[in-house]
Each structure stands twice: as structure tokens, then as C-alpha cells.
Amino acid sequence: MSQNESQTTITLADLIDNLKLGGGSVITSITELEPAAGPHASVAPAKFVDGSKSVFAYETRYIVEKPEGQDAPKKEEESKDAEKVVKGKSQKVVLIDSKQSELNRAEAAIEQGRQYGDEAAIKIPRAVVTYQTENGPVEYTDMELSHRVFDGHFRAGRIDGKPITENDQYRALRNCTPADMSALLNTAPAALLFGAWDSTRKSNQVRLRSALVGEIIGVLADQEPGAEHRQARRGGARVDAVAASVQLTPKDMESLVNDQEAELSAKNVAARRKEAKTAKADARISASTLGLGSIPPVLEETGAVACRRIIRSWVLSLATLRQLRFGQDETKNVAARALLAALGLNAIARAERELYIRANCDLIESSAPVVTLDQRFGEKKPFAPLTVEQADQLLLEAIENAKKAGVADWNGQTFNVEGNLTIIKNATAEDAE
């Protein structure tokens, strides 16, 4: 019997016991990852904008070294080298996937489960804003929009032809207080787990921190001073099978722009017309801005990095969930918190199921996730790695328990909002200035 098979799975009783005041602080899931092609392969970390540059995010972290040939440090009584196992040191790391990005992946995984008709996923209440476009209706859920049900797309929407801000059900969501979050629990619970902020309201703003956080970091292979600035550069190019270069007369450029105007960005159209107008009649203008012709290989500053170790971490904060109340009845409070915790574990399990990050960042698990419940005073309880099947069953049990407690009734109810057409009419794919 393997170690994972000998471990118990998390039960609803575990959640209920630890969501009473004074219970454990967190449940964590930690996984060792590695480049899919092997240790020699580089990986592309997350990019961030710093001024006009694209950069990677480097940090110094305290890393406990993993003993050779072991998936996780053993307890002191199991190893004579326990003192060596727990020792670590500061290391340079790179952020491979940020906390916000990992949450987005978890939310998307739940939405995918709903689309596939998974029994547990389809029971989760949600808010949906629908835009009527010329190509048909397009839906966005509170798990896709950054401020959840308080996102600007919801706040600008309408219900039954009236502004959403006049709707009693939406006003109840915005008027939730720390003493009672019941309205959100039964309409748009994503806000309670993943966090939300009713940021534009002039007063009585709902602010909820995320009870679930995750990230992936890579420990740089080169730890010498300045190593973080010596990452591999990436080569980029475009090959046009028809012609290496397409040079147009001003008249031809304007003709091509006119033909494609409906599908080009306004910014690109304006720039091309200005270019054609100011060029001499016998001049030639490169059509590369319209996606024609080849682009010779160039090296970008931010390519990829080499990592000696890659670690994915999830933290579900039970302490955060215990700050939420749903009235004066503590039995109802605990049932509601357990429901949200089960949703959080479901999100982790679904997000971990697919290791899809980005191009040039293909990873695999080098060991099973280590799932641990904090039991306070330095005590920890290990559990078997989360699976979607077990997490679904746990969520269904938590849904039934909350219903019996009279605090929540999840039946896949949807809070529907009509998207404001003014937003769609003025939407553009261009980057913000």
C-alpha cells in the first residue's frame, strides 16, 4: 500500500470541527513540480509590465532543501538527519504563476466543471451578465470578472430594463455586513471564497479578502549575485510563406485598410491612414503592420529561466472563513463556512488536475501533493492528495448539510443581469494607454 493510499481523505467532519472558533488556521496543498522536458529545460515565468518594459518578478524566499531521493521531509522520529532536513536558506526565486493568476485558474476550472455538467459544480449559485452582440449573446460570470458580483460590468447592467442599482436583490448583496453574509452565500458565493470589493460605492463598501491563495515559484538554478538578470533570451520571428516582404504604395495600403476596417482596431486604422497620407506617391510602405511579410528573428530580453526546483502552493485559510457570519446562530455559521471550505478544496482539486500555465512553461508533478491541516500549537494532520471525485462528494455533502442547517440552499440558481450595450459598442482589443 502506497503512502497516499494509507492516508485519509478530508471529510465534512474535519471541516466542521475546524471551522468552529479556535479551530485550525489553514489547509495547504504543496506540490513539487519540474520542467516536462527535464531539468535541463528552461521555463517561461509570468511577465509583468514595469514602465515600458516586460519583466519577470524575482524575490528572495526562505527555502528548506528537499533531501535527495525524498518527496518531503520526514518527521524527527523517522530520521536521524532531521536537523539537516529542516534547515534552509534564503534563495532567489522567480514567480512562475502569481496568486491572482492561480485563483483565475481555479475559478475557470469550476466553470469548466459546470459546462461539463458535473453534479457538484452545477449546484453552485452564480451571477451572470449577458451582452447581446451582433453574433449572439455572450455571458460572463462572477467567477470570470475580477471584482466578482461587484464588478463594473454588473454595476453598469440592468434588470427588467432598470438599472441594477435599483434592484432589491442586488442591493441586498451590496448591503451585506460582517454580521450577515447570507445574501452573498445564496446568490454569488464566489465573492466569499475568492474575495471581492465593491470599490466604486461611495460608502458601506463590501470588502472581502480571498480565503484561498495559490502560487507557483521557481528556485533559480544560478544563485550567484545578479543571476536573476542573466536569464535566457527568447527568439521570436514570423515567416510568411507567400513573401518575405510586402511593400505597398500609399494607395494600395489605404485600399487594404478600407477592406479590413471593420475588423481592425481604430488605432491601427488611424495609424495606417496617416502613414499612407503622409507618404510620397511613389513611396513603398511595409505591410507588416497588417500581418503581411516575414519578421526576421530577434532576441527578446525576457525569455525563460532555469530552475533547480519548482513549487506550487495552495493555502485555504480557515481563519479567514471564521470571520464570516450568517446571522446569530453559530450552527448555521459553521455549516456555511464548511460549505465555502468545501468549495475551496474543490477549486484546488480542479485547478491541480490540469497543469496548463502558458507557452514554454510545460510542467509535470515530480511528487504527489502534500495536503496538511493545521491543528494549532505546532500540530499538523496529513491527508491524501485532493481528487476531483472526492472533492465533488465533499461539496455535495456540505451543500446538503448547509440546507439542513437552514443557512443555504444551492440548486444552481442564477442571478441574471443584462449587460449595458454602451460598453460593448465602445469595447476594443487594444491595450490600455
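Every residue gets a number counted from 1 within its own chain, in the order that chain's sequence is written. In keeping with the model being predicted, local features are shown solely for residues with a pLDDT of at least 70 and side-chain atom pairs are shown and tallied solely at 80 or more, while totals for entire chains, interfaces and linings include all residues. The side-chain figures draw on all heavy atoms in the structure; neither hydrogens nor water molecules are used.

**Student:** So what's going on with the environment of Thr331? Which residues, and what values?
**Tutor:** Tracing the backbone through its elements, the reader meets Thr331 in helix H12 (residues 330–353). Counting along the chain gives 311 residues from Thr331 to Lys20, while the straight-line C-alpha distance between them is 8.9 Å. Numbering goes from the N terminus for both helices and strands, where a helix is a DSSP run of H or I of at least four residues and a strand is a run of E of at least two.

**Student:** Explain the packing of helix H9 (residues 250–260) against helix H10 (residues 266–278) to me, using residue names and the numbers behind them.
**Tutor:** Viewed as axis vectors pointing N to C, H9 and H10 meet at an angle of 160 degrees, and their least axial separation amounts to 9 Å. One finds that H9 runs roughly antiparallel with respect to H10. Like other packed secondary-structure pairs, H9 and H10 cross with a definite hand, here left-handed. On the side of H9, the interface is formed by Pro250, Met253, Val257 and Asn258, while H10 contributes Val269, Arg272, Arg273, Glu275 and Ala276. Angular values range over 0 to 180 degrees, each being the angle between N-to-C directions of two axes fitted as lines to C-alpha atoms, with helices fitted over their stretch in contact. The labels follow the angle: roughly parallel below 35 degrees, roughly antiparallel above 145, roughly perpendicular from 65 to 115, and oblique for the rest. A crossing counts as left-handed when the near helix is turned anticlockwise from the far one by less than a right angle, and as right-handed when that turn is clockwise. In this analysis, two residues are considered to be in contact whenever any of their non-hydrogen atoms come within 4.5 Å of each other.

**Student:** With reference to specific residues and values, describe the confidence of the model for the chain.
**Tutor:** What pLDDT conveys is the predictor's confidence in a given residue, as a value from 0 to 100. Mean pLDDT over the chain: 88, with 87% of residues reaching 70 or higher. This model gives residues 69–85 a pLDDT under 50, and the stretch forms 13 contacts once residues within four places in sequence are excluded.

**Student:** An account of the side chain of Thr28 is needed here, citing residue identities and associated values.
**Tutor:** As for its placement among the helices and strands, Thr28 is situated in strand S1 (residues 26–35). Each residue is placed in one exposure class: buried if its accessible area under a 1.4 Å probe, protein chains only, is under 20% of its type's maximum, exposed if it is over 50%, and partly exposed if it falls in between. Judged by relative accessible area, which is 18%, Thr28 ranks as buried. Here Thr28 is in contact with Trp314, Val315, Val370, Val371 and Thr372, once residues within four sequence places are set aside.

**Student:** I'd like to hear about helix H13 (residues 388–405), residue by residue, with values.
**Tutor:** By definition here, a helix of n residues has an expected span of 1.5 Å times n minus one. In this model H13 runs 25 Å from its N-terminal to its C-terminal C-alpha over 18 residues, within 8% of the 26 Å that 1.5 Å per residue would give. Three or more residues of H13 are buried, namely Val388, Ala391, Asp392, Leu394, Leu395, Leu396, Ala398, Ile399 and Ala402. Where H13 is buried, its residues meet helix H2 (12–18) and H12.

**Student:** Please provide a residue-by-residue account of the pattern of salt bridges, values included.
**Tutor:** Here a salt bridge means any side-chain nitrogen of Lys or Arg lying within 4 Å of a carboxyl oxygen belonging to Asp or Glu. The tally for this structure, following the rule as stated, stands at 20 salt bridges. Arg148 is the salt-bridge partner of Glu107, the closest N and O atoms lying 2.5 Å from each other. Here Arg148 lies in the loop between strand S7 (136–141) and helix H5 (152–155) and Glu107 lies in helix H4 (residues 99–115), a separation of 41 residues in the sequence. Summarising the burial analysis for this pair, Glu107 and Arg148 share the class buried. Salt-bridge contacts for Arg273 lead to Glu261; the nearest nitrogen and oxygen are separated by 2.8 Å. Here Arg273 is found in helix H10, whereas its partner Glu261 is found in the loop between H9 and H10, with 12 residues between them in sequence.

**Student:** Outline the nonpolar core, listing residues and values.
**Tutor:** Counting 73 residues, the largest nonpolar core has Leu15, Leu184, Leu185 and Phe194 as its most contacted members. Excluding its chain neighbours within four sequence positions, the residues that come into contact with Leu184 are Val149, Phe150, Leu173, Cys176, Pro189, Ala191, Leu192, Val206 and Leu208. Think of a nonpolar core as a cluster: buried Ala, Val, Leu, Ile, Met, Phe, Trp, Tyr and Cys residues, connected wherever their side-chain atoms sit within 4.5 Å. Core analysis: the second largest hydrophobic core is formed by 13 residues, Val43, Val94, Ile96 and Val305 among them.

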